[in-house]
Number of protein chains: 2
Amino acid sequence: MSASTGVLGQPRHLRRDAAENRELLLEAAARVFAVQGLGAGVEEIARAAGVGVGTLYRRFSTKEALIAELVQDVLERMSALATAAIELPDGRGLEDFLEYSSAYQAEHRGCLPRLWNTAPDNEALVQVRQTIAALLADAKRHGRVRDELTSTDLTMVMWSIRGVIETTRDVAPDAWRRHLAILVAGLRPTPDTLGHRPMTRAQVDRVVTESG
Amino acid sequence: MSASTGVLGQPRHLRRDAAENRELLLEAAARVFAVQGLGAGVEEIARAAGVGVGTLYRRFSTKEALIAELVQDVLERMSALATAAIELPDGRGLEDFLEYSSAYQAEHRGCLPRLWNTAPDNEALVQVRQTIAALLADAKRHGRVRDELTSTDLTMVMWSIRGVIETTRDVAPDAWRRHLAILVAGLRPTPDTLGHRPMTRAQVDRVVTESG
DNA sequence: GTCGAAGCGGAGTACTCGCTCCGCTTTGTG
DNA sequence: CACAAAGCGGAGCGAGTACTCCGCTTCGAC
């Protein structure tokens, strides 16, 4: 009965070769996107995986679906990084997370443009957000960042780092570290306030769902 | 002799209707790119200008050439903003320039992806760089920013703002102001240093010439 | 070992986009 | 006004893209 069908009539298990090819395709896509950007053609990806385009489309309904799967992987990894950072003492977790998540993004630059473009109820995304909020609260409690900061400020910080990574990636792969250092310095408490309202959560959600 | 030819054999003057259409095309392109991004088709631009695509291609050799002309306009405007900021007292010119140039970019978002992608010997670009360097020196002199900053740090700051503007433009057109406030706070002098090397001028040049 | 289902490659399809070509129109000089 | 040069529109071309289809191959349950 191993070849029986699930609720929607699809086979429950992929054949061994098919499952293998699926993994090959995901790895190949990550490599190709990292070098050429998301504009890379599906044929190129299939060739890099050593399969035909037909096989690609039997595993992923569209190119976009393939990208979404890659993004999901990255998002889950970010969630893990954030959770790990919670353990750090003295409210340092936030800075730690920003550094490691940026480094991870710099290595997986291929799918960056779509990274913050998932459904707002995506489980991994919700998880990341909650954990970041906790990191922020902890950092505030230890006086490492301004009290006026919101989670949406951190989202914006990550967008900004993404922009710098994408711009500088080929020429100066570590340039974002300097930028992050400036940003972190800007997050620290000072006598005067920032003087502009933060984005609302709803606005961030609209950015995430509408752009594409 | 008004219809005589120049050194390369091209007509020296455009006919009145042709010159008018050229302006219409530039304005239409700015509008269309602002809404749809640089991916907008040439046919759409021609229609917005009320001319045919043939006319577009008689005035601009390629779509890229049309974009380059728009970028040049923005760059010259930025140069003017920087020069005006020099007048401000107490080393405030730098912050002023960052604010006004960002606001200007937010309104001309169409050609942003190509904005820092001109030949490094472009006159307007050289001018902007020199002026920014002067603004930076002035800000340092008055103790408004860290001594360790370089011009390349400011280039990176502008890339970062561009990223935020592009991401948030449709939903929260003013969100970049909050981000800039954080950045400016990060530029201010503090006891500890940034801890990472700035980009070199050569690296910035390579980014500017290679990307695209 | 058998055999049907699942998987496979890659030529072919449909479409988009930048760009060209050419018969007709407008301009402005003499 | 005449008329040559300059300009015009937009159908059509070629290149490149995401995606489909189908005859052949491989897998693995029995």
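Residues numbered from 1 in each chain as written. Chains lettered and ligands numbered in written order. Predicted model: local features only at pLDDT ≥ 70, side-chain atom pairs only at ≥ 80, totals over all residues.

1. As for the confidence of the model for chain A
Averaged over chain A, the pLDDT score is 92; the fraction of residues at 70 or greater is 93%. Here residues 1-7 of chain A is modelled with pLDDT under 50, and outside its nearest four sequence neighbours on either side it reaches seven contacts, counting other chains as well. (pLDDT = per-residue confidence, 0-100. Contact = placed C-beta atoms within 7 Å.)

2. Structural notes on the protein's contact with DNA strand D
Residues in contact with DNA strand D amount to 25 residues; listed here are only the nearest, Arg16(A), Gly41(A), Gly52(B), Gly54(B) and Thr55(B). Going through the elements one at a time, α1 (16-36) and α3 (53-59) of chain A together with α1 (16-36) and α3 (53-59) of chain B are the ones with two or more residues in the surface near DNA strand D. Sorting elements by how many residues they give to the surface near DNA strand D places α3(B) first, with four residues. Classifying every residue of the surface near DNA strand D gives ten nonpolar, eight polar and seven charged. (Near = placed C-beta within 6 Å. Helix = DSSP H or I, 4+ residues; strand = E, 2+ residues; numbered from the N terminus. Nonpolar A, V, L, I, M, F, W, Y, C, P; charged D, E, K, R; others polar.)

3. Digging into the relation of the copies chain A and chain B
Laying chain A over chain B is done by rotating through 180° and shifting 0.0 Å along the axis; what remains is an RMSD of 0.1 Å. Put plainly, the chains are arranged around a two-fold axis. In terms of C-alpha distance to the rotation axis, chain A has Gly186(A) as its closest residue, with the C-alpha 1.8 Å off the axis. Both copies contact each other with a shared surface, as 100% of the interface residues of chain A are interface residues in chain B too. (Least-squares fit on C-alpha atoms with pLDDT ≥ 70 in both.)

4. Here's the deal with the protein's contact with DNA strand C
As a matter of local geometry, DNA strand C sits amid 25 residues, with Val51(A), Gly52(A), Gly54(A), Thr55(A) and Arg16(B) nearest to it. Elements with a contribution of two residues or more to the surface near DNA strand C: α1 and α3 of chain A together with α1 and α3 of chain B. In terms of residue count, α3(A) provides more of the surface near DNA strand C than any other element does, four residues in total. Among the residues forming the surface near DNA strand C, the class breakdown is ten nonpolar, eight polar and seven charged.

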